[in-house]
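# Examining the three-dimensional arrangement
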Protein chains: 2
Amino acid sequence: MKAPDPRAGRHPGRDLIVIGAGPAGLSAAISGARTGLKVLVIGEAFGGTLNLTDRIENYPGFARVSGRDLSQKLEDHARGYGVDLLIDRVDNLVPSEEGFRLAAGSKTFRSASVVLATGARPKKLGVPGEERLSGKGVSYCALCDAPSFRGKKIVLAGGGESAVKEAVYAAEHAEKIFLINDEKSLRPAGGVRLQLEKLAAAGRVEVINGNGIREIEGKNKVAGVVLKKPHRGKNGLEVAGVLIYIGVVPNSGLARGIRAEISDRGEIMVNRRCETSVPGCYAAGDVTDGGWKQAIAAAYQGTVAGWEAFNYCRRAERTRAGLE
Amino acid sequence: MKAPDPRAGRHPGRDLIVIGAGPAGLSAAISGARTGLKVLVIGEAFGGTLNLTDRIENYPGFARVSGRDLSQKLEDHARGYGVDLLIDRVDNLVPSEEGFRLAAGSKTFRSASVVLATGARPKKLGVPGEERLSGKGVSYCALCDAPSFRGKKIVLAGGGESAVKEAVYAAEHAEKIFLINDEKSLRPAGGVRLQLEKLAAAGRVEVINGNGIREIEGKNKVAGVVLKKPHRGKNGLEVAGVLIYIGVVPNSGLARGIRAEISDRGEIMVNRRCETSVPGCYAAGDVTDGGWKQAIAAAYQGTVAGWEAFNYCRRAERTRAGLE
């Protein structure tokens, strides 16, 4: 018997296209390419939401690393395995006879498998200063950034479950938190609400209902906010940070297009193997319902997705080559 | 209303004791301590099975790092958050009225919560040279080490599902693999067996049933093996690597002692939150049934376990303080 042709049954396009160049996407690329797959990553920006955070302290192995530095390390790691990277937006993804077809701008691509690592975007307040001071006191992640507000006064915008939960968490670090809620009262009840009320009674949290942020001020870092209505006779608050918890929007449009199963929250549903409901389509990171919205979770899920894409490609090749 | 005493309801011992100082345990410690928990890690050796591997290339962010270096980074990261580390073996773990009691040597400890990150040990062949050349060509992880055998001949010891699967994977890298199986035939059937047979037909894999390794030879790195019986008229094989896949043994003895649910394979059963069946007891890494046996998986699970231990401690404190 002769040796099988190593390219027998191999897909004519890429083995794997990863959509998204944040930690989930780059980790999927590393994992897939390491097994020998031909991998292309198409993302709108390297690093994704990593870049929102000045300092990451909860990615084990990096005691302190900037989002941009971690992103660079992941990119270098992927390039070291011969991964091709393209900065572009994928406009279209469709299943084809032997995998998937993608369009990004004027280019089209084919691949045997895809990993969707398109992330989620935090809902923005949409006020002056927010974008400019993002990562400089304006944050969308208390777990990431609250420790850097130790002993300082901050504002937290939001009134839902996660806002209240994160306010309680942030109170472990910040000296005082102004919780600014644009509704008449806070939505959560139960334990977390009680905790918040205890913190409020202790003067650690001040809940300001029926108000909002008009502008975030500061030159190179947050110095304060201007409120929509005066509070205790003042138009604003002097604070060192603004945490924004008014929800996130998973970037699951491409997944919807191929009819992958989507959760009530708009996340792509995955199992432990990062499989979506569409064969050959895997998903990882913040766009999924699969775990924590943290870089280490994205890296882990991406690694799993890349490995499972490898297994999928090999099974498909064997089928095409008539081996099974 | 007065401010609650910040120590009200706080557990008199540690908030969290992590058992095991590999990537799962150190990551749990980082995650727990970062939220403000008082954390102690007790482990038999820093790094755990990380130290079995000379080079790790699939931990996203580190293109190439030695097991010992990654372990050192994790240790430094944990120490940076004030985690206490003790190198010792935990001999006893018992649930107590307010959490857990532990004994390590002559010392005893109390904690509100525990994370079991005790890892798994690969089954050893138990032959001369194996221990001495471990990490120098002797490996228990094809995924970790097969790429370093590119273009070389190696031996893979084992005949079960994982041995055959890993032989197929290793054949993506190694020039030739001698699969040495001490039984009369290979156990797996189906697709993976077919793949192996195609590789065998192509001369990429040679299956040697009913034989075994008597000794592993080499001065500073593996140079060959001595077989139990002659093969093709020779007493041994010249190879650059020996992959050993004869099973692993999860170190789940402490978990069994507190009657945590254990899988058929001896692993501690955990859900996505790394909860075991015992309240306040979490588990992460290779000792669990929760995922891949890789450093990145351990780091992720440890991070989740530390965070969930924090949530558990805060709930327990509120109960003790009469807040809920």
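### Section: the state of the cysteines
Formally, a disulfide is one covalent bond, and it connects the sulfur atom of one cysteine to the sulfur atom of another. Residue and element names in this part refer to chain A. On inspection of all chains with the given rule, the structure shows 0 disulfides over all chains. No disulfide involves C281; its sulfur sits 11 Å from that of C274, the nearest cysteine. Looking at C281, the relative accessible area reads 1%, which means it is buried.

### Some details on the packing of aromatic side chains
Going through the model one piece at a time under the given rule, you end up with 13 aromatic pairs over all chains. Ring geometry for Y59 of chain A versus F62 of chain A: centroids 5.8 Å apart, planes at 50°, classification tilted. Given a relative accessible area of 0%, Y59 of chain A falls into the buried group. Both rings, one in Y169 of chain A and one in W307 of chain B, keep their centres 5.7 Å apart while their planes meet at 75°; by these two values the pair is edge-to-face. Taken together, the residues span two chains, with Y169 of chain A in helix α4 (residues 161–170) and W307 of chain B in helix α7 (residues 295–320). Overall, Y169 of chain A belongs to the buried group, its relative accessible area being 3%. Taking relative accessible area as the criterion, W307 of chain B reaches 10% and is therefore assigned buried.

### Structural notes on the environment of Y300 of chain B
With respect to the helices and strands, the residue Y300 of chain B is situated in helix α7. The buried category is assigned to Y300 of chain B, whose relative accessible area is 8%. Residues Y300 of chain B and A142 of chain B lie 158 residues apart in sequence; the distance between their C-alpha atoms is 21 Å. Sequence-distant contacts of Y300 of chain B, defined by excluding residues within four places in its chain, comprise G290, G291, W292, I296, A297 and Y300 of chain A.

### Focus: the interface of chain B and chain A
On the side of chain A, 48 residues touch chain B, which itself brings 48 residues to the contact. Summing both partners gives a buried area of about 4,600 Å² for chain B against chain A, and 61% of it is carried by carbon and sulfur. The largest share of the area that chain B buries against chain A comes from R34, W292 and Y300 of chain B, three residues that together contribute 17% of it. The tally of links from chain B across to chain A stands at 4 salt bridges. The salt bridge partner of R314 of chain B is E172 of chain A, with a shortest N-O separation of 2.9 Å. Remark: the boundary between chain B and chain A carries 17 residue pairs in polar contact (both at pLDDT 80 or more). Elements represented by at least two residues in the side of chain B that touches chain A include exactly α1 (23–34), α2 (67–80), α3 (142–145), α5 (191–201) and α7 of chain B. Top element by residues in the side of chain B that touches chain A is α7 of chain B. It accounts for 9 residues. For the side of chain B that touches chain A, the residue count by class is 26 nonpolar, 12 polar and 10 charged.

### Overview of the sheet that holds strand β11 (residues 205–209) of chain B
Read across the open sheet, the 5 strands follow the order β8-β15-β9-β10-β11 (chain B); overall the sheet is parallel. Of all strands in the sheet, those bounded by a partner on one side alone are β8 (138–139) and β11 of chain B.

### Here's the deal with the nonpolar core
In this structure, Y59 and L70 of chain A together with Y59 and L70 of chain B are the most contacted members of the largest nonpolar core, which totals 132 residues. Not counting chain neighbours up to four residues away, the residues in contact with Y59 of chain B comprise Y59, P60, H77 and I296 of chain A together with L70, L74, A295, I296 and A299 of chain B. Ranked by size, the runner-up nonpolar core spans 23 residues in total, among them L86, L254, A255 and I258 of chain A.

### Re the relation of the copies chain B and chain A
For the pair chain B and chain A, the superposition axis carries a translation of 0.0 Å, the fit reaches an RMSD of 0.1 Å, and the rotation angle comes to 180°. Here the copies are linked by what is in effect a two-fold axis. Taking the C-alpha atom as reference, chain B places Y300 of chain B closest to the rotation axis, 3.2 Å from it. Here 100% of the contact residues of chain B are again contact residues in chain A; the copies associate through an equivalent surface.

### A closer look at the environment of V90 of chain B
Tracing the sequence through the fold places V90 of chain B in strand β4 (residues 90–96). For the pair V90 of chain B and G119 of chain B, spaced 29 residues apart in the sequence, the C-alpha separation amounts to 13 Å.

### Brief notes about the packing of helix α7 (residues 295–320) of chain A against α7 of chain B
Viewed as axis vectors pointing N to C, α7 of chain A and α7 of chain B meet at an angle of 140°, and their least axial separation amounts to 9 Å. Between α7 of chain A and α7 of chain B, the angle falls in the class oblique. As α7 of chain A packs across α7 of chain B, the resulting crossing turns out to be left-handed. Contacts from I296, A297, A299, Y300 and T303 of chain A in α7 of chain A reach I296, A297, A299, Y300 and T303 of chain B in α7 of chain B. Partitioning the contact of α7 of chain A with α7 of chain B into residue classes produces 8 nonpolar, 2 polar and no charged.

### Quick notes on the pattern of salt bridges
Residues and elements named next belong to chain A. For the structure shown, the criterion picks out 22 salt bridges over all chains. D84 is the partner of R14 in a salt bridge, and the nearest nitrogen-oxygen pair spans 2.7 Å. You can see R14 sitting in strand β1 (residues 14–19) and its partner D84 sitting in strand β3 (residues 84–87), a full 70 residues away along the chain. Taking relative accessible area as the criterion, R14 reaches 22% and is therefore assigned partly exposed.

### Digging into α1 of chain B
Residues and elements named next belong to chain B. Here α1 spans 16 Å end to end across 12 residues, near enough to the 16 Å set by a 1.5 Å rise per residue. Of all 12 residues in α1, 12 are buried; the element is thus mostly enclosed. Inspection of α1 places P23, A24, G25, L26, S27, A28, A29, I30, S31, G32, A33 and R34 among the buried residues, and these make up the whole buried set. A positive phi of about 110° marks G36, the residue just after α1.

### A few points about a positive patch on the surface
Taken together, the side chains of K165 and R265 of chain A together with R273 and R315 of chain B make up a positively charged region of the molecular surface. With respect to the helices and strands, the residue K165 of chain A is situated in helix α4.

### A few points about the pairing of strand β9 (residues 153–157) of chain A
All names here are of chain A. Counted residue by residue, β9 has 4 buried out of 5 residues, so it is predominantly covered. Pairing of β9 with strand β10 (residues 176–181) involves 5 bridges; the strand directions are parallel. Counted as the bridge partner of L156 is L179 from β10. In this fold, the crossover linking β9 to β10 by way of α4 has right-handed handedness. Where β9 meets strand β15 (residues 241–244), 4 bridges bridge the pair, whose relative direction is parallel. Within the sheet, the bridge partner assigned to I154 lies in β15 and is G241.

### Details of the confidence of the model for chain A
One rule of thumb: low pLDDT means the predicted coordinates there are not for detailed reading. Residue and element names in this part refer to chain A. Chain-level pLDDT for chain A is 90 on average; 94% of the residues reach the 70-or-more range. Taken element by element, the predicted model of chain A shows its lowest mean pLDDT in helix α3 (residues 142–145) (81) and its highest in strand β17 (residues 281–283) (98). We note a pTM of 0.76 for the whole complex and an ipTM of 0.73 for its interfaces.

### Some points on the packing of α1 of chain B against α2 of chain B
All names here are of chain B. At a closest axis distance of 9 Å, the pairing of α1 and α2 adopts a crossing angle of 20°. Considering the angle they form, α1 stands roughly parallel to α2. Crossing of α1 against α2: the hand is left-handed. Between α1 and α2, the residues in contact are P23, L26, S27 and I30 and S71, L74, E75, H77 and A78, respectively. Classifying every residue of the contact of α1 with α2 gives 5 nonpolar, 3 polar and 1 charged.

Reading the values: rules and limits
- Counting starts from 1 at the beginning of each chain's written sequence and moves along it residue by residue.
- For this description, chains carry letters from A and ligands carry numbers from 1, given in the order in which they are written.
- Thresholds applied to this predicted model are a pLDDT of at least 70 for local features of residues and 80 or more for the giving and counting of side-chain atom pairs; totals over whole chains, interfaces and linings are not thresholded and use all residues.
- Where side-chain values are given, they derive from all heavy atoms of the structure, hydrogens and water being excluded.
- Note on disulfides: each one is a pair of cysteine sulfur atoms within 2.5 Å.
- When a residue's accessible area, from a 1.4 Å probe over protein chains only, is under 20% of the maximum for its type it is buried; when over 50% it is exposed; and in between it is partly exposed.
- Geometry of aromatic contacts follows a simple scheme: Phe, Tyr and Trp rings, the Trp one being its six-membered ring, pair when their centres are within 6.5 Å, and the pair is stacked under 30 degrees between planes, edge-to-face over 60, tilted otherwise.
- Working definition: helices are DSSP H or I runs of at least four residues, strands are E runs of at least two. Numbering for both runs from the N terminus.
- Contacts are residue-level and defined by heavy atoms, with any inter-residue pair within 4.5 Å sufficient.
- Buried area, as used here, totals the accessible surface that two parts lose on assembly, with accessibility defined by a 1.4 Å probe and the loss added over both.
- Any Lys or Arg side-chain nitrogen found within 4 Å of a carboxyl oxygen on Asp or Glu counts as a salt bridge.
- Under the rule applied, a polar contact is a pair of N or O atoms within 3.5 Å (in protein, one hydrogen donor and one hydrogen acceptor; residues adjacent in sequence only if both atoms are side-chain atoms).
- Each residue gets one of three labels, nonpolar for Ala, Val, Leu, Ile, Met, Phe, Trp, Tyr, Cys and Pro, charged for Asp, Glu, Lys and Arg, and polar for the others, Gly among them.
- In this description, strands pair whenever DSSP reports at least two bridges between them.
- Within this scheme, the nonpolar core is defined by two criteria: the residues are buried Ala, Val, Leu, Ile, Met, Phe, Trp, Tyr or Cys, and they are joined through side-chain atoms within 4.5 Å.
- A least-squares superposition brings the copies together, and it is based on the C-alpha atoms of residues with pLDDT no lower than 70 in both.
- In this description, a line fitted to the C-alpha atoms serves as the axis of each element, helices being fitted only across the stretch in contact, and the angle between N-to-C directions of two axes falls anywhere from 0 to 180 degrees.
- Working rule for angles: under 35 degrees goes down as roughly parallel, over 145 as roughly antiparallel, 65 to 115 as roughly perpendicular, anything else as oblique.
- Rotating anticlockwise by less than a right angle from the far helix to the near helix defines a left-handed crossing, while the corresponding clockwise rotation defines a right-handed one.
- Helix span, expected: 1.5 Å multiplied by one less than the number of residues in the helix.
- Exposure above 30% relative accessible area and the absence of a salt bridge qualify a residue for a patch, where like charges join within 9 Å and nonpolar side chains (Val, Leu, Ile, Met, Phe, Trp, Tyr) within 5 Å.
- Values of accessible area rely on a 1.4 Å probe in the Shrake-Rupley scheme; residue burial ignores everything except the protein chains shown.
- We count Lys and Arg on the positive side and Asp and Glu on the negative side, and we leave His and both chain ends out.
- All charge positions are set by atom: Lys at NZ, Arg at CZ, Asp at CG, Glu at CD.
- Whether a crossover is right-handed comes down to one check: with the strands pointing away from the viewer, does the path from the first strand over the helix to the second run clockwise; if it does, it is right-handed.
- Confidence scores here are pLDDT values: one per residue, from the predictor, ranging 0 to 100.

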